Amino acid sequence: MQKIVLDNKTILVTGAAGFIGSNLVKRLFKDVKGATIIGIDNMNDYYDVALKDFRLNELNNSVPEGTTWKFVKGDIADKATIDGIFEAHKPQVVVNLAAQAGVRYSITNPDAYIQSNLIGFYNILEACRHWPVEHLVYASSSSVYGSNKKVPYSTDDKVDNPVSLYAATKKSNELMAHAYSKLYNIPSTGLRFFTVYGPAGRPDMAYFGFTNKLRKGETIQIFNFGNCMRDFTFVDDIVEGVVRIMQGAPEKKQGEDGLPLPPYAVYNIGNNQPENLLNFVDILQQELIRAKVLPEDYDFEAHKQLVPMQPGDVPTTYADTSALERDFGFKPSTSLREGLRKFAEWYASFYK
(Lines give C-alpha, C1' and ligand atoms only; values in the text may rest on other atoms or scores of the structure.)
Protein backbone atom coordinates (compact mmCIF):
# COMPACT_ATOMS: atom_id res chain seq x y z
CA MET A 1 0.00 0.00 0.00
CA GLN A 2 1.22 3.47 -0.89
CA LYS A 3 1.13 5.82 2.12
CA ILE A 4 -0.25 9.28 1.34
CA VAL A 5 0.26 12.29 3.61
CA LEU A 6 -2.74 14.63 3.35
CA ASP A 7 -1.10 17.68 4.94
CA ASN A 8 -0.46 20.52 2.45
CA LYS A 9 -2.23 18.62 -0.34
CA THR A 10 -4.97 19.79 -2.67
CA ILE A 11 -8.04 17.62 -2.08
CA LEU A 12 -11.21 17.62 -4.17
CA VAL A 13 -14.43 16.42 -2.51
CA THR A 14 -17.46 16.08 -4.79
CA GLY A 15 -20.90 16.17 -3.19
CA ALA A 16 -19.41 18.44 -0.52
CA ALA A 17 -22.78 19.78 0.68
CA GLY A 18 -24.14 16.25 0.92
CA PHE A 19 -24.47 14.22 4.09
CA ILE A 20 -21.21 12.25 3.95
CA GLY A 21 -19.35 14.91 1.94
CA SER A 22 -19.93 17.75 4.42
CA ASN A 23 -18.95 15.55 7.36
CA LEU A 24 -15.79 14.51 5.53
CA VAL A 25 -14.80 18.14 4.79
CA LYS A 26 -15.44 19.04 8.45
CA ARG A 27 -13.13 16.22 9.50
CA LEU A 28 -10.42 17.28 7.01
CA PHE A 29 -10.61 20.84 8.40
CA LYS A 30 -9.93 19.38 11.83
CA ASP A 31 -7.16 16.90 11.00
CA VAL A 32 -5.31 18.03 7.88
CA LYS A 33 -2.81 20.89 8.09
CA GLY A 34 -2.24 23.42 5.31
CA ALA A 35 -4.55 21.72 2.81
CA THR A 36 -6.43 23.30 -0.06
CA ILE A 37 -9.86 21.69 -0.08
CA ILE A 38 -12.15 22.18 -3.05
CA GLY A 39 -15.77 21.15 -2.72
CA ILE A 40 -18.28 20.86 -5.54
CA ASP A 41 -22.03 20.25 -5.25
CA ASN A 42 -24.91 21.04 -7.58
CA MET A 43 -27.23 21.75 -4.59
CA ASN A 44 -30.12 20.04 -6.38
CA ASP A 45 -33.57 19.76 -4.83
CA TYR A 46 -33.78 15.93 -4.62
CA TYR A 47 -34.41 16.71 -0.95
CA ASP A 48 -34.82 19.90 1.10
CA VAL A 49 -32.10 22.33 -0.05
CA ALA A 50 -32.27 24.02 3.38
CA LEU A 51 -30.36 21.02 4.75
CA LYS A 52 -27.63 21.40 2.12
CA ASP A 53 -27.45 25.13 2.87
CA PHE A 54 -27.17 24.34 6.60
CA ARG A 55 -24.26 21.94 6.01
CA LEU A 56 -22.53 24.36 3.64
CA ASN A 57 -22.88 27.28 6.08
CA GLU A 58 -21.37 25.10 8.81
CA LEU A 59 -18.36 24.49 6.55
CA ASN A 60 -18.00 28.12 5.44
CA ASN A 61 -18.01 29.21 9.09
CA SER A 62 -15.46 26.69 10.35
CA VAL A 63 -12.46 26.96 8.02
CA PRO A 64 -9.34 26.75 10.20
CA GLU A 65 -6.35 29.02 9.85
CA GLY A 66 -3.88 27.72 7.28
CA THR A 67 -6.54 25.80 5.32
CA THR A 68 -7.88 27.06 2.00
CA TRP A 69 -11.53 26.20 1.28
CA LYS A 70 -13.14 26.79 -2.11
CA PHE A 71 -16.71 25.80 -2.91
CA VAL A 72 -17.95 25.44 -6.50
CA LYS A 73 -21.67 25.26 -7.18
CA GLY A 74 -21.65 22.98 -10.18
CA ASP A 75 -22.48 19.56 -11.55
CA ILE A 76 -19.97 16.75 -12.03
CA ALA A 77 -21.96 15.76 -15.14
CA ASP A 78 -20.72 19.00 -16.74
CA LYS A 79 -17.34 18.08 -18.24
CA ALA A 80 -16.16 21.68 -18.66
CA THR A 81 -16.72 22.39 -14.94
CA ILE A 82 -14.74 19.32 -13.84
CA ASP A 83 -11.93 19.91 -16.33
CA GLY A 84 -11.77 23.55 -15.19
CA ILE A 85 -11.35 22.52 -11.53
CA PHE A 86 -8.62 19.99 -12.36
CA GLU A 87 -6.79 22.38 -14.66
CA ALA A 88 -6.86 25.24 -12.13
CA HIS A 89 -6.15 23.30 -8.93
CA LYS A 90 -4.57 19.94 -9.93
CA PRO A 91 -5.97 18.01 -6.95
CA GLN A 92 -3.71 15.23 -5.69
CA VAL A 93 -6.44 13.34 -3.82
CA VAL A 94 -10.01 13.10 -5.12
CA VAL A 95 -12.98 11.80 -3.13
CA ASN A 96 -16.04 11.35 -5.34
CA LEU A 97 -19.17 11.32 -3.17
CA ALA A 98 -21.44 13.19 -5.58
CA ALA A 99 -24.13 10.83 -6.82
CA GLN A 100 -27.83 10.54 -7.23
CA ALA A 101 -28.65 8.37 -4.23
CA GLY A 102 -31.67 6.29 -3.29
CA VAL A 103 -33.00 2.96 -4.55
CA ARG A 104 -36.66 3.97 -4.86
CA TYR A 105 -36.07 7.25 -6.69
CA SER A 106 -34.13 5.34 -9.36
CA ILE A 107 -37.40 3.65 -10.33
CA THR A 108 -39.24 6.95 -10.92
CA ASN A 109 -36.40 9.18 -12.14
CA PRO A 110 -33.74 7.05 -13.87
CA ASP A 111 -32.31 9.99 -15.89
CA ALA A 112 -30.76 11.56 -12.77
CA TYR A 113 -28.77 8.37 -12.11
CA ILE A 114 -27.35 8.13 -15.62
CA GLN A 115 -26.32 11.81 -15.53
CA SER A 116 -24.69 11.92 -12.11
CA ASN A 117 -23.55 8.37 -11.46
CA LEU A 118 -22.36 7.40 -14.94
CA ILE A 119 -21.57 10.57 -16.92
CA GLY A 120 -20.44 12.46 -13.81
CA PHE A 121 -18.15 9.65 -12.68
CA TYR A 122 -16.78 9.27 -16.22
CA ASN A 123 -15.86 12.99 -16.17
CA ILE A 124 -13.99 12.48 -12.88
CA LEU A 125 -12.10 9.46 -14.27
CA GLU A 126 -11.16 11.33 -17.46
CA ALA A 127 -9.89 14.28 -15.42
CA CYS A 128 -7.82 11.91 -13.21
CA ARG A 129 -6.36 10.51 -16.41
CA HIS A 130 -5.30 13.89 -17.84
CA TRP A 131 -4.24 15.48 -14.53
CA PRO A 132 -2.84 12.46 -12.68
CA VAL A 133 -3.83 12.05 -9.03
CA GLU A 134 -2.21 10.18 -6.15
CA HIS A 135 -5.48 8.54 -5.11
CA LEU A 136 -9.08 8.50 -6.30
CA VAL A 137 -11.52 7.36 -3.60
CA TYR A 138 -15.16 6.98 -4.62
CA ALA A 139 -18.47 5.95 -3.08
CA SER A 140 -19.97 2.68 -4.14
CA SER A 141 -22.86 1.13 -2.18
CA SER A 142 -23.96 -1.99 -0.33
CA SER A 143 -26.78 -2.04 -2.93
CA VAL A 144 -24.40 -3.75 -5.36
CA TYR A 145 -24.88 -7.01 -3.41
CA GLY A 146 -28.49 -7.18 -4.62
CA SER A 147 -30.31 -10.14 -3.14
CA ASN A 148 -27.15 -12.20 -2.52
CA LYS A 149 -28.10 -15.00 -0.15
CA LYS A 150 -24.66 -15.37 1.48
CA VAL A 151 -24.11 -13.10 4.48
CA PRO A 152 -22.15 -11.21 5.62
CA TYR A 153 -21.45 -9.60 2.26
CA SER A 154 -17.79 -9.82 1.29
CA THR A 155 -16.04 -7.79 -1.40
CA ASP A 156 -14.96 -11.19 -2.81
CA ASP A 157 -18.60 -12.09 -3.59
CA LYS A 158 -19.93 -11.91 -7.14
CA VAL A 159 -22.14 -8.83 -7.57
CA ASP A 160 -23.53 -9.30 -11.06
CA ASN A 161 -27.25 -9.21 -10.25
CA PRO A 162 -28.33 -5.69 -9.21
CA VAL A 163 -31.99 -5.32 -8.26
CA SER A 164 -32.22 -1.56 -8.93
CA LEU A 165 -30.82 0.92 -11.45
CA TYR A 166 -29.08 2.71 -8.57
CA ALA A 167 -27.20 -0.49 -7.70
CA ALA A 168 -26.35 -1.03 -11.38
CA THR A 169 -24.81 2.46 -11.64
CA LYS A 170 -22.70 1.86 -8.51
CA LYS A 171 -21.43 -1.48 -9.83
CA SER A 172 -20.68 0.33 -13.12
CA ASN A 173 -18.56 2.84 -11.18
CA GLU A 174 -16.44 0.00 -9.82
CA LEU A 175 -16.01 -1.47 -13.32
CA MET A 176 -15.16 1.91 -14.87
CA ALA A 177 -12.63 2.65 -12.10
CA HIS A 178 -11.03 -0.76 -12.64
CA ALA A 179 -10.64 -0.10 -16.36
CA TYR A 180 -9.08 3.33 -15.76
CA SER A 181 -6.80 1.93 -13.04
CA LYS A 182 -5.60 -0.72 -15.47
CA LEU A 183 -5.25 1.51 -18.53
CA TYR A 184 -3.82 4.64 -16.91
CA ASN A 185 -2.34 3.35 -13.63
CA ILE A 186 -4.70 5.52 -11.54
CA PRO A 187 -4.78 4.31 -7.90
CA SER A 188 -8.48 4.00 -7.06
CA THR A 189 -10.45 2.67 -4.09
CA GLY A 190 -14.20 2.07 -4.07
CA LEU A 191 -16.14 2.15 -0.79
CA ARG A 192 -19.35 0.17 -0.36
CA PHE A 193 -21.25 2.12 2.29
CA PHE A 194 -23.92 0.38 4.38
CA THR A 195 -27.06 2.39 5.36
CA VAL A 196 -25.48 5.61 6.65
CA TYR A 197 -27.37 7.65 9.25
CA GLY A 198 -26.78 10.53 11.66
CA PRO A 199 -27.40 14.24 12.32
CA ALA A 200 -28.27 16.39 9.27
CA GLY A 201 -28.65 13.21 7.23
CA ARG A 202 -30.75 12.57 4.14
CA PRO A 203 -34.51 13.03 4.59
CA ASP A 204 -35.18 10.25 2.05
CA MET A 205 -33.65 7.71 4.45
CA ALA A 206 -36.12 5.71 6.59
CA TYR A 207 -35.07 7.06 10.02
CA PHE A 208 -35.46 10.68 8.89
CA GLY A 209 -38.71 10.11 6.98
CA PHE A 210 -40.15 8.17 9.93
CA THR A 211 -39.27 11.04 12.27
CA ASN A 212 -40.95 13.63 10.01
CA LYS A 213 -44.12 11.54 9.82
CA LEU A 214 -44.31 10.63 13.51
CA ARG A 215 -43.86 14.27 14.41
CA LYS A 216 -46.84 15.18 12.21
CA GLY A 217 -48.93 12.36 13.71
CA GLU A 218 -48.91 10.41 10.41
CA THR A 219 -48.58 6.63 10.04
CA ILE A 220 -45.23 5.13 9.07
CA GLN A 221 -44.97 2.09 6.83
CA ILE A 222 -42.46 -0.58 7.83
CA PHE A 223 -41.61 -2.74 4.83
CA ASN A 224 -41.36 -6.52 4.59
CA PHE A 225 -43.60 -6.58 7.68
CA GLY A 226 -40.63 -5.41 9.74
CA ASN A 227 -38.47 -8.40 8.77
CA CYS A 228 -35.70 -6.33 7.17
CA MET A 229 -32.20 -6.39 8.61
CA ARG A 230 -29.98 -3.37 7.97
CA ASP A 231 -26.34 -2.76 8.79
CA PHE A 232 -26.86 0.81 10.01
CA THR A 233 -23.57 2.74 10.02
CA PHE A 234 -23.14 6.03 11.88
CA VAL A 235 -21.78 8.82 9.70
CA ASP A 236 -18.71 9.47 11.92
CA ASP A 237 -17.66 5.84 11.41
CA ILE A 238 -18.03 6.22 7.65
CA VAL A 239 -15.89 9.38 7.69
CA GLU A 240 -13.23 7.71 9.85
CA GLY A 241 -13.03 4.91 7.28
CA VAL A 242 -12.84 7.34 4.34
CA VAL A 243 -10.05 9.42 5.93
CA ARG A 244 -7.98 6.33 6.70
CA ILE A 245 -8.44 4.94 3.20
CA MET A 246 -7.54 8.29 1.57
CA GLN A 247 -4.11 7.87 3.18
CA GLY A 248 -3.49 4.37 1.81
CA ALA A 249 -3.63 4.03 -1.97
CA PRO A 250 -3.34 0.68 -3.77
CA GLU A 251 0.27 0.26 -4.85
CA LYS A 252 1.37 0.55 -8.47
CA LYS A 253 2.98 -2.74 -9.52
CA GLN A 254 4.14 -4.37 -12.74
CA GLY A 255 2.64 -7.70 -13.77
CA GLU A 256 4.67 -10.61 -15.16
CA ASP A 257 3.85 -9.36 -18.67
CA GLY A 258 5.55 -6.02 -17.90
CA LEU A 259 2.21 -4.20 -17.96
CA PRO A 260 0.88 -2.42 -14.87
CA LEU A 261 -1.40 -4.36 -12.54
CA PRO A 262 -4.41 -2.17 -11.80
CA PRO A 263 -3.82 -0.29 -8.49
CA TYR A 264 -7.42 -0.93 -7.52
CA ALA A 265 -9.28 -1.87 -4.33
CA VAL A 266 -12.82 -2.07 -2.92
CA TYR A 267 -13.81 -2.10 0.77
CA ASN A 268 -17.04 -2.44 2.74
CA ILE A 269 -17.68 0.18 5.42
CA GLY A 270 -20.51 -1.07 7.61
CA ASN A 271 -21.28 -1.74 11.24
CA ASN A 272 -20.91 -5.52 10.81
CA GLN A 273 -24.00 -5.91 13.01
CA PRO A 274 -27.35 -5.90 11.21
CA GLU A 275 -30.35 -4.66 13.18
CA ASN A 276 -33.97 -5.66 12.76
CA LEU A 277 -36.01 -2.76 11.35
CA LEU A 278 -38.66 -3.03 14.11
CA ASN A 279 -35.97 -2.83 16.79
CA PHE A 280 -34.42 0.15 14.97
CA VAL A 281 -37.76 2.01 14.87
CA ASP A 282 -38.40 1.20 18.55
CA ILE A 283 -35.04 2.73 19.61
CA LEU A 284 -35.68 5.71 17.30
CA GLN A 285 -39.04 6.54 18.92
CA GLN A 286 -37.53 6.17 22.43
CA GLU A 287 -34.78 8.65 21.51
CA LEU A 288 -37.27 11.03 19.86
CA ILE A 289 -39.30 11.06 23.09
CA ARG A 290 -36.10 11.61 25.10
CA ALA A 291 -35.16 14.58 22.87
CA LYS A 292 -38.74 15.93 23.22
CA VAL A 293 -39.39 15.66 19.48
CA LEU A 294 -42.37 13.43 20.41
CA PRO A 295 -44.49 13.73 23.58
CA GLU A 296 -43.91 11.30 26.48
CA ASP A 297 -47.30 9.59 26.00
CA TYR A 298 -46.87 9.10 22.22
CA ASP A 299 -48.90 6.10 21.03
CA PHE A 300 -46.36 4.54 18.71
CA GLU A 301 -48.40 1.40 17.94
CA ALA A 302 -51.23 3.52 16.51
CA HIS A 303 -48.83 5.15 14.04
CA LYS A 304 -47.12 2.15 12.48
CA GLN A 305 -48.24 -0.14 9.68
CA LEU A 306 -46.46 -3.31 8.55
CA VAL A 307 -46.50 -3.63 4.75
CA PRO A 308 -44.91 -5.91 2.07
CA MET A 309 -41.48 -5.40 0.51
CA GLN A 310 -40.99 -2.64 -2.07
CA PRO A 311 -39.49 -3.13 -5.56
CA GLY A 312 -35.69 -2.70 -5.59
CA ASP A 313 -35.36 -3.32 -1.83
CA VAL A 314 -33.44 -6.22 -0.29
CA PRO A 315 -34.30 -8.04 2.97
CA THR A 316 -30.82 -7.93 4.55
CA THR A 317 -27.61 -5.89 4.36
CA TYR A 318 -24.65 -7.12 6.36
CA ALA A 319 -21.03 -6.01 5.89
CA ASP A 320 -17.99 -8.22 6.19
CA THR A 321 -15.43 -5.60 7.29
CA SER A 322 -12.46 -7.95 7.79
CA ALA A 323 -10.48 -6.41 4.87
CA LEU A 324 -10.95 -2.90 6.32
CA GLU A 325 -9.75 -4.14 9.72
CA ARG A 326 -6.78 -5.96 8.19
CA ASP A 327 -5.56 -3.11 5.98
CA PHE A 328 -6.54 -0.03 8.01
CA GLY A 329 -6.98 -1.29 11.58
CA PHE A 330 -10.51 0.09 11.73
CA LYS A 331 -13.96 -1.32 12.41
CA PRO A 332 -17.07 0.87 12.81
CA SER A 333 -18.44 0.55 16.34
CA THR A 334 -21.00 3.29 17.14
CA SER A 335 -24.05 1.65 18.72
CA LEU A 336 -27.49 2.24 17.24
CA ARG A 337 -28.74 3.97 20.39
CA GLU A 338 -25.74 6.31 20.53
CA GLY A 339 -26.12 7.22 16.85
CA LEU A 340 -29.90 7.70 16.97
CA ARG A 341 -29.56 9.79 20.14
CA LYS A 342 -27.22 12.19 18.29
CA PHE A 343 -29.69 12.33 15.39
CA ALA A 344 -32.70 12.97 17.68
CA GLU A 345 -30.87 15.76 19.54
CA TRP A 346 -29.82 17.40 16.27
CA TYR A 347 -33.36 17.08 14.87
CA ALA A 348 -34.84 18.70 17.98
CA SER A 349 -32.52 21.71 17.66
CA PHE A 350 -32.75 22.04 13.85
CA TYR A 351 -36.55 21.89 13.64
CA LYS A 352 -37.32 23.70 16.90
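Everything discussed here concerns the structure shown above.
The model shown is predicted, which means the values in this text are computed figures rather than measured ones. Throughout this description, residue numbers start from 1 for each chain and increase along the sequence as written. With pLDDT at 70 or above as the cut-off, local features in this predicted model cover only qualifying residues; side-chain atom pairs require 80 or more to be listed or tallied, and sums for whole chains, interfaces and linings still use all residues. Values shown for side chains rest on all heavy atoms present in the structure; no hydrogens or waters enter the calculation.

**Topic: the nonpolar core**
No. 1: Nine residue types can take part in a nonpolar core, namely buried Ala, Val, Leu, Ile, Met, Phe, Trp, Tyr and Cys, and a core is a set of them joined through side-chain atoms within 4.5 Å. Note on exposure labels: buried denotes an accessible area under 20% of the residue type's maximum, exposed denotes more than 50%, and partly exposed covers the range between, all computed with a 1.4 Å probe on protein chains only. Leu-24, Leu-28, Phe-193, Tyr-207 and Met-246 are the most contacted members of the largest nonpolar core, which has 75 residues in total.
No. 2: Not counting residues within four places of it along the chain, the set of residues in contact with Leu-28 comprises Leu-6, Ile-11, Val-13, Ile-37, Val-243 and Met-246.
No. 3: In terms of nonpolar packing, the next biggest core, distinct from the first, is built from 21 residues, Leu-12, Ile-38, Ala-98 and Ile-124 among them. Contacts were defined at the residue level, with two residues in contact if any of their heavy atoms lie within 4.5 Å.

**Focus on the sheet that holds strand S7 (residues 188-193)**
No. 1: An order of S4-S3-S2-S5-S6-S7-S15 is seen for the seven strands of this open sheet, with the pairing classed as parallel. Each having just a single partner strand, strand S4 (68-73) and strand S15 (264-269) make up the two edges of the open sheet. Sheet twist, expressed as the average angle between the axes of neighbouring strands with direction ignored, equals 15°.
No. 2: Here the rule is simple: two strands pair whenever DSSP picks up at least two bridges between them. Under the scheme used here, helices are H or I runs from DSSP no shorter than 4 residues and strands are E runs no shorter than 2 residues, and both carry numbers assigned from the N terminus. Across four bridges, strand S5 (residues 93-96) lies against strand S6 (residues 135-141) in parallel orientation. Across the sheet, the residue bridging to Asn-96 is Tyr-138, located in S6.
No. 3: Whenever a helix is involved, its axis is fitted only over the stretch in contact; in every case the axis is a line through C-alpha atoms, and angles between N-to-C directions fall within 0 to 180 degrees. Relative to the sheet, helix H6 (residues 165-184) contacts S6, S7 and S15, its axis offset from that of S6 by approximately 155°.

**A look at the pairing of strand S2 (residues 10-14)**
No. 1: Of all the five residues making up S2, five are buried; the element is thus mostly covered by neighbouring parts of the structure.
No. 2: On S2, burial covers both faces: Thr-10, Leu-12 and Thr-14 on one face and Ile-11 and Val-13 on the other are all buried.
No. 3: We call a crossover right-handed when, viewed with both strands directed away from the observer, the connection leading from the first strand over the helix to the second proceeds clockwise. With helix H1 (residues 19-31) bridging S2 and the parallel strand S3 (residues 36-41), this β-α-β connection has right-handed handedness.
No. 4: Sheet analysis places S2 next to S5, joined by four bridges and oriented parallel. The residue bridging Ile-11 from the neighbouring strand is Val-93, located in S5.

**Section: helix H11 (residues 336-350)**
No. 1: Expected helix span is taken as 1.5 Å per residue step, with the number of steps being one fewer than the number of residues. The first and last C-alpha atoms of H11 sit 21 Å apart over 15 residues, in line with the 21 Å expected at 1.5 Å per residue.
No. 2: All of the buried residues along H11 are Leu-336, Gly-339, Leu-340, Phe-343, Ala-344, Trp-346 and Tyr-347. All buried residues of H11 project into a common sector of 165° when viewed along the axis, lining one side. Arc definition: it is the arc formed by the directions from the helix axis to the C-beta atoms.

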